[in-house]
Amino acid sequence: MSLKAFLSRRVVTPRGIKAGGVLVQDGRILDVVPPDQLPAQISMKDFGDAAILPGLVDSHVHINEPGRTEWEGFRTATRAAAAGGYTLLVDMPLNCLPATTTVAALEAKRKAANRQCRVDWMAWGGVVSDNQEHIKGLATAGVPGFKCFLIHPGIDGFTMVTERELRAALPHVARTGLPLLVHAELPGPVEEATRQLAEADWSKYATYLQSRPDKAELSAIHLMISLCREYHFRLHIVHLATSQALDMLCAAKSEGLLASVETCPHYLHFSSDKIPDGQTLFKCAPPIRSRENCENLWQGLQEGVIDLVATDHSPCPPEMKRLVERNFRKAWGGISSLSLALPVMWTEASSRGFTLLDITRWMAEGPARLAGCTSRKGRIAKDFDADFVVFEPEAEFIVTEARLSYRHRVSPYLGERLRGVVKATYLRGICVFADGEYPGEPTGRELRR
Ligand SMILES: [Zn+2]
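Residues numbered from 1 in each chain as written. Predicted model: local features only at pLDDT ≥ 70, side-chain atom pairs only at ≥ 80, totals over all residues. Heavy atoms only, no water.

Colleague: I'd like a description of the environment of Gly145, backed by residues and values.
Modeller: Summarising the element assignment, Gly145 is placed in the loop between α3 (135-140) and β10 (146-149). For Gly145, a relative accessible area of 0% gives the class buried. Taking the C-alpha atoms as reference, Gly145 lies 26 Å from Glu70; in sequence the two are 75 residues apart. (Helix = DSSP H or I, 4+ residues; strand = E, 2+ residues; numbered from the N terminus. Buried < 20%, exposed > 50% of the residue type's maximum accessible area, 1.4 Å probe, protein only.)

Colleague: Can you lay out the coordination of the zinc ion for me, pointing to particular residues and giving the numbers?
Modeller: At 2.1 to 2.2 Å from the zinc ion lie its protein donor atoms, namely His60 (NE2), His62 (NE2) and Asp312 (OD). Between the donor residues of the zinc ion, the gaps in sequence give the motif H-x1-H-x249-D. Of this pair, His60 sits in strand β6 (residues 56-61) while Asp312 is found in the loop between β14 (308-309) and α11 (341-351), placing the two residues 252 residues apart along the sequence. Of the two residues examined, His60 and Asp312, each falls in the buried class. (Donors = N, O, S within 2.8 Å, 3.2 Å for Na, K, Ca; no water.)

Colleague: Tell me about unusual backbone geometry, and please be specific about residues and values.
Modeller: In this chain, Leu97 is followed by Pro98 through a cis amide linkage whose omega measures 0°. Here Pro98 shows up in the loop between β7 (86-91) and α2 (103-113). Put simply, Ala285 and Pro286 share a cis peptide bond, and its omega is -5°. One non-glycine residue, Ser405, lies in the positive phi region at around 65°. With respect to the secondary-structure elements, Ser405 resides in the loop between β15 (388-398) and β16 (417-427). Given a relative accessible area of 5%, Ser405 falls into the buried group.

Colleague: Describe the side chain of Thr13, and please don't skip the residues or the numbers.
Modeller: When you line up the elements, Thr13 lands in strand β1 (residues 4-13). Aside from chain neighbours lying at most four places away, what touches Thr13 is Lys18, Val32, Leu357 and Ile380. (Contact = heavy atoms within 4.5 Å.)

Colleague: Summarise the pairing of strand β3 (residues 28-33); cite the residues concerned and give the values.
Modeller: As defined by bridge partners, strand β2 (residues 16-25) adjoins β3 across five bridges and the pair is classed as antiparallel. Bridge pairing in β3 places Gly21 opposite Val33. (Pairing = 2+ DSSP bridges.)

Colleague: So what's going on with the environment of Leu166? Which residues, and what values?
Modeller: Relative to the helices and strands, Leu166 is located in helix α4 (residues 163-176). Take Leu166: its relative accessible area is 0%, and that puts it in the buried class. Among all residues touching Leu166, those that are not within four sequence positions of it are Cys148, Leu150, Val161, Leu180, Met224 and Leu227.

Colleague: Provide a residue-level description of the sheet that holds strand β13 (residues 259-263), including the pertinent values.
Modeller: On the basis of which strands lie adjacent, the open sheet formed by six strands has the order β9-β10-β11-β12-β13-β14 and parallel pairing. Each edge of the open sheet carries a strand with a single partner, namely β9 (125-126) and β14. Where β13 lies against β14, two bridges are found, and the strand directions are parallel. Opposite Thr263, over in β14, you have Val309 as the bridge partner. Relative to strand β12 (residues 234-237), helix α7 (residues 214-231) is tilted by about 165°, and along the sheet it contacts β11 (179-183) and β12. (Axes fitted to C-alpha atoms, helices over the stretch in contact; angles between N-to-C directions.)

Colleague: Lay out helix α10 (residues 291-302) in plain terms, naming residues and giving numbers.
Modeller: With 12 residues, α10 extends 17 Å between its outermost C-alpha atoms, agreeing within 8% with the 16 Å of an ideal straight helix rising 1.5 Å per residue. Within α10, the full set of buried residues consists of Asn293, Cys294, Leu297, Trp298, Gly300 and Leu301. The arc enclosing the buried residues of α10, seen along the axis, measures out at 155°, which places them on a common side. Facing away from the buried side of α10 by over 90 degrees, the exposed positions are Glu292 and Gln302. Just past α10, the residue Gly304 takes up positive phi, approximately 85°. (Expected span 1.5 Å × (residues − 1). Arc of directions from axis to C-beta.)

Colleague: Lay out the packing of helix α5 (residues 187-195) against α7 in plain terms, naming residues and giving numbers.
Modeller: Put simply, α5 and α7 touch, their axes get as near as 7 Å, and they point 165° apart. Compared by their axis directions, α5 and α7 come out roughly antiparallel. The crossing of α5 and α7 is right-handed. Contacts between α5 and α7 involve Pro189, Val190 and Glu192 from the first element and Lys215, Ala216 and Ser219 from the second. The residue inventory of the contact of α5 with α7, partitioned by class, reads three nonpolar, one polar and two charged. (Parallel < 35°, antiparallel > 145°, perpendicular 65-115°, else oblique. Left-handed = near helix turned anticlockwise from the far one by under 90°. Nonpolar A, V, L, I, M, F, W, Y, C, P; charged D, E, K, R; others polar.)

Colleague: How would you sum up empty space enclosed by the protein? Please name residues and give values.
Modeller: Where empty space is left can be seen by rolling a probe of water-molecule size over the atoms. Inspection of every chain in the model, using the stated rule, returns two cavities of 30 Å³ or more. Taken as a whole, the largest cavity spans an internal volume of roughly 80 Å³. Lining the largest cavity are Leu281, Ser314, Pro315, Cys316, Lys321, Gly334, Ile335, Ser336, His408, Val410, Ser411 and Pro412. For the lining of the largest cavity, the per-class residue count stands at six nonpolar, five polar and one charged. In this model, the second largest cavity occupies a volume close to 40 Å³. If you trace the second largest cavity, you find it lined by Pro54, Gly55, Val57, Thr87, Lys377, Gly378, Arg379, Asp385 and Asp387. (1 Å grid on protein atoms, 1.4 Å probe; cavity = no way out; pocket = protein on both sides within 12 Å on 5 of 7 lines; lining within 4 Å. Points joined across faces, edges and corners; volume = space filled by probe spheres on them.)

Next comes the structure, spelled out in structure tokens:
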């Protein structure tokens, strides 16, 4: 492929935001040069004032294929990703059937994904109650790490792990050197709280929030930190919702434990005081907590205790949200935000004085590090894949169904005015999204560790 240059007055590189040209050849970044050092006579695309960011990496997505393609699927999830500025998705091992807990299941997923993907993807392996002997095989087959649940995941086909089962799995996980991603809520505090809410009104958000107390997250994180100390594996806490855990996580990191933390755009944007009763679109687990908690999570990001932001894009058919029944107990928990996460984060981050460099650290570099692909993804730098988002930081838009791009166009963000518009997305130098269209055939590939 011939040499091409992508120009902008704001190229976001690890060294700062500056005017320049990104030189691309054969899908890779050859160099980033100042505008006056561009070679003559090459094909150029000038984005002017629109910023060029590295393609975003989402390390927490439920694609649900094979088996529950009617919930989402590779075709629609990667289309929404391209529209949102993401160029790599890492799929969670559950909600698909079979769950990704064996190499055979991973192979079934690879077959399902074949030729459907607009962006690149990887698959986490699952750690469940009885698959310890599959952990090494999954690692060898190329998964970048593992995911487990300390509480029932709300769906059949993927079992939670008890402390005893975890202890059986952890030596295997540690030997792979790969991270273990943990849904950190313990069942005890949730069951106890839920028992006391037997007569409560489950159309109220407050009831749902009380049923999943901070304590469930805190006790789970406490357990995982002590197991991390004991078994020397890489611990990653997914979708942290309670800011009360930040001190404990900060201490664990200072102690030298290999622990990392993510939170999600919905915990950084919404707060419980603004969620109307009956609005089950806001249901996710752990739950969206108070306004003060939200501000403290921002503080955790600022201080680097929270390493990254992932979407936890978790769709379902709209009827499972029980929008007519308005029942938080029965509704599916999960918020889909692949195509909106960047504007949501930019709206909040820019109002707090953060820059596009911070966004890049949280949404590209951080997730790429977790997924073990820091030599190719997450940065605009020499030898990296030529994956970019062309982003207009000052533009604003209202969220409509047309903006969602995933299979089921339901969202708690509908009607909101957000800051920052994704104009185009490039995967290995090829345009995969521009102004609402998805040109060409799908060129996304699986990355194997
Ligand atoms: Zn999830």
